[in-house]
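Spelled out, the chains give:
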Amino acid sequence: MKIKVLGPGCARCHRLEQTVKDVVKELAVDASIEEVKDVKKIMAYPILTTPGLVVNEELVCSGKVPDKAEVTQLIVNALEKQQRGDRK
Amino acid sequence: MKQDKACNCSAGSSGIATANRPNRLKLFVTLGIGFAVWLFLYLVLQRVANSLTYDVFRLEPSSHLGSSVAFFLYDAPKVILLLAMVVFAVGIIRSFFTAERTRQILAGKRQIVGNVLAGGLGVVTPFCSCSAVPLFIGFVEAGVPLGVTFTFLIAAPMINEVALVLLIGLFGFRIGLIYVATGLAIAIVAGWVIGKLKMEKYIEGWVSEIQMAQASATAPNMTIEDRIRYGLNAVRDIVSKVWPYVLIGIGVGAAIHGYVPAGVLARFMGEGAWWSVPAAVLIGVPMYSNAAGIVPVVQALIEKGAALGTALAFMMAVIGLSLPETLILRRVLKWQLIAVFLGVVAIGITIVGFLFNAIL
């Protein structure tokens, strides 16, 4: 699983990144976490307000710092989607 | 593969919320208790502050220290209580708005109508200054006129809910209204002027090369509980961030209140000194403080003889124009446009300062 945190590096983005790291560790998901700070790369996703969370190249959340429960839900959803895709 | 739609995180969380019904009851009960505690604290505050100062600490009401301490013990908790309440209310309102929807409303709008709309939306759309660059690019690429985009970017920090609550709490509703009305007027007129000046060529070239993915404008499908949680999160985020500023600001205010003799500022910040308004704006622009920190200082300045217009202009310059945000915008704007933006807004604030010194 590929996870990207989009944001110029402000406090909110760091908070999101930390939450994602915690959740990934807790769920024991095999995931790479990348911070995307370059505005041009950020704008390649349909995003207006940072921070943004991208899982497997899909923007799943933007403009707010989701809490741990939300991030867990988002990653679990993405995992299910990924498994469905693998089975096909 | 790039997806063409932005999913909303709230979709996941509302799923969790509706799955657990008892959570809903718990949330409303907690909220009710919260309101009751809030009201109780607010009502007993003055008495507690006075009895602490004069009976427990045994300070003389007429002494410098006594009057400073009483001011601090009353104002600091009062302001934090007001802050929590307003941030909650604004949080609920903001949960109805997203930057994506705002952009859709503003896209293709003409000057004036667009500026007025952008001013109002700038106040209610949740937006943090670190998002200024993606937001700017997203607006301009979607066909929101440059001047309208600027009105949004000026109004968002200028009309600050924290500043509003502090002004109402410390000066009353009239001053709060004046602040909102003039702040909106500055944002609308400044954006209109920037639009009229046709500054589009001073946007950095790389902006137009960006191939932006189309964000969808669907509003988050939130339940009442989601909105309440959104409001409570806003309270937690903002209050945990600004309380030190509030305490420092009120501390400085309390010191001025107790120690600086009345009227001492009248000479150089009073209505007689016309140059004090531009001077206050010039000092205020490079300064950056949280709104929560600056208003108590402004109150103390006024109490000691500074003219209201001068003090308001100072406050607007500090919170409305900030160096960090300007530096962020420099990445998408050439310096000429930055200079015009700063200049037009600073002039607007100065005019407002003069106006209030003249009519109040």
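Residues numbered from 1 in each chain as written. Chains lettered and ligands numbered in written order. Predicted model: local features only at pLDDT ≥ 70, side-chain atom pairs only at ≥ 80, totals over all residues. Heavy atoms only, no water.

## With respect to the overall build of chain B
A count of helices and strands for chain B gives 17 helices and zero strands. Computed over the C-alpha atoms, the radius of gyration of chain B is 22 Å, within 12% of the 21 Å expected from 2.2 N^0.38 for a compact globule of 360 residues. Overall, chain B is about 70 × 60 × 30 Å in size when its C-alpha atoms are taken along their principal axes. The buried share of chain B, taken over its 360 residues, is 51%. The contacts in chain B between residues at least 6 apart in sequence include a share of 84% that link residues at least 24 apart. Here chain B has roughly 16300 Å² of accessible surface; of this, 69% comes from carbon and sulfur atoms. (Helix = DSSP H or I, 4+ residues; strand = E, 2+ residues; numbered from the N terminus. Rg over C-alpha atoms; globule rule 2.2 N^0.38 Å. Buried < 20%, exposed > 50% of the residue type's maximum accessible area, 1.4 Å probe, protein only. Contact = heavy atoms within 4.5 Å. Areas by Shrake-Rupley, 256 points an atom, 1.4 Å probe, with all protein chains shown as cover.)

## A look at the side chain of Gln299 of chain B
Residue and element names in this part refer to chain B. Inspection of the secondary structure puts Gln299 in helix α14 (residues 291–303). Looking at Gln299, the relative accessible area reads 13%, which means it is buried. Apart from residues lying up to four places away in sequence, Gln299 is in contact with Phe71, Asp75, Leu170 and Phe171.

## Some words on the pairing of strand β2 (residues 32–36) of chain A
All names here are of chain A. The pairing of strand β1 (residues 2–6) with β2 spans five bridges and is parallel. Bridge assignment links Lys4 to a residue of β2, and that residue is Glu34. The parallel pair β1 and β2, bridged by helix α1 (residues 11–27), forms a crossover whose chirality is right-handed. (Pairing = 2+ DSSP bridges. Right-handed = clockwise from strand over helix to strand, strands pointing away.)

## Points about the packing of aromatic side chains
Residues and elements named next belong to chain B. One pass over the full model with this rule turns up five aromatic pairs over all chains. With a centroid separation of 6.2 Å and 75° between ring planes, the pair formed by Phe35 and Phe88 is classed as edge-to-face. Highlighted residues: Phe35 in helix α2 (residues 21–56) and Phe88 in helix α3 (residues 64–94), separated in sequence by 53 residues. Overall, Phe88 belongs to the buried group, its relative accessible area being 11%. Ring centres of Phe150 and Phe341 lie 5.3 Å apart, and the angle between their planes is 45°; on these two criteria the pair is classed as tilted. Separated by 191 residues along the polypeptide, Phe150 in helix α7 (residues 146–158) and Phe341 in helix α17 (residues 335–359) bring together distant segments of the chain. These aromatic residues form a ring-pair network of at least three members: Phe136, Phe150 and Phe341. Arg227 extends its terminal NZ or CZ atom over the ring of Phe96, reaching a point 3.7 Å from the ring centre. (Phe/Tyr/Trp six-rings, centres within 6.5 Å; stacked < 30°, edge-to-face > 60°. Lys NZ or Arg CZ within 6 Å of the ring centre and 35° of its normal.)

## A short note on the confidence of the model for chain A
Averaged over every residue, the pLDDT of chain A is 88; residues scoring 70 or more account for 99%. Least confident of the elements in chain A is helix α2 (residues 39–42) of chain A, whose mean pLDDT is 86; most confident is β1 of chain A, at 93. (pLDDT = per-residue confidence, 0-100.)

## Comments concerning the sheet that holds β1 of chain A
Residue and element names in this part refer to chain A. Pairing in this open sheet of four strands is mixed, and the strands run β2-β1-β3-β4 from one edge to the other. The two strands at the open ends of the sheet, each matched to only one other strand, are β2 and β4 (58–62). Within this sheet the neighbouring strands show an average axis-to-axis angle of 20°, counted without direction. Direction of pairing for strand β3 (residues 52–55) relative to β4: antiparallel, over a ladder of four bridges. Bridge pairing in β4 links Val54 to Leu59. (Axes fitted to C-alpha atoms, helices over the stretch in contact; angles between N-to-C directions.)

## Examining unusual backbone geometry
The general pattern is negative phi for most residues beyond glycine and trans for most peptide bonds. Residue and element names in this part refer to chain A. Backbone torsion omega between Thr50 and Pro51 reads 0°, so that peptide bond is classified as cis. Its location among the elements puts Pro51 in the loop between α2 and β3. One non-glycine residue with positive phi stands out, namely Glu57, at about 65°. Locating Glu57 in the fold gives a position in the loop between β3 and β4.

## As for the packing of helix α4 (residues 99–106) of chain B against helix α5 (residues 113–124) of chain B
Residues and elements named next belong to chain B. Direction vectors running N to C along α4 and α5 enclose 170°, while the axes themselves pass 10 Å from each other. The orientation of α4 with respect to α5, classified from their angle, is roughly antiparallel. Two packed elements cross with a definite hand, and for α4 against α5 that hand is right-handed. Residues Thr102, Ile105 and Leu106 of α4 pack against Gly114, Leu117, Ala118 and Leu121 of α5. Looking at the contact of α4 with α5 residue by residue, the classes come out as five nonpolar, two polar and no charged. (Parallel < 35°, antiparallel > 145°, perpendicular 65-115°, else oblique. Left-handed = near helix turned anticlockwise from the far one by under 90°. Nonpolar A, V, L, I, M, F, W, Y, C, P; charged D, E, K, R; others polar.)

## Focus on the pattern of salt bridges
Residue and element names in this part refer to chain A. On inspection of all chains with the given rule, the structure shows 12 salt bridges over all chains. Close ionic contact of Lys21 with Glu17 constitutes a salt bridge, the shortest N to O distance being 3.6 Å. Of this pair, Lys21 and Glu17 are both found in helix α1, four residues apart, which corresponds to roughly one turn of the helix. Owing to a relative accessible area of 40%, Lys21 belongs among the partly exposed residues under this scheme. Glu70 is the partner of Lys64 in a salt bridge, and the nearest nitrogen-oxygen pair spans 2.9 Å. (Salt bridge = Lys/Arg side-chain N within 4 Å of Asp/Glu carboxyl O.)

## Section: the pairing of β1 of chain A
Residue and element names in this part refer to chain A. The element β1 is largely enclosed, with a buried count of four among its five residues. Across four bridges, the pairing between β1 and β3 is antiparallel. Bridge assignment links Ile3 to a residue of β3, and that residue is Val55.

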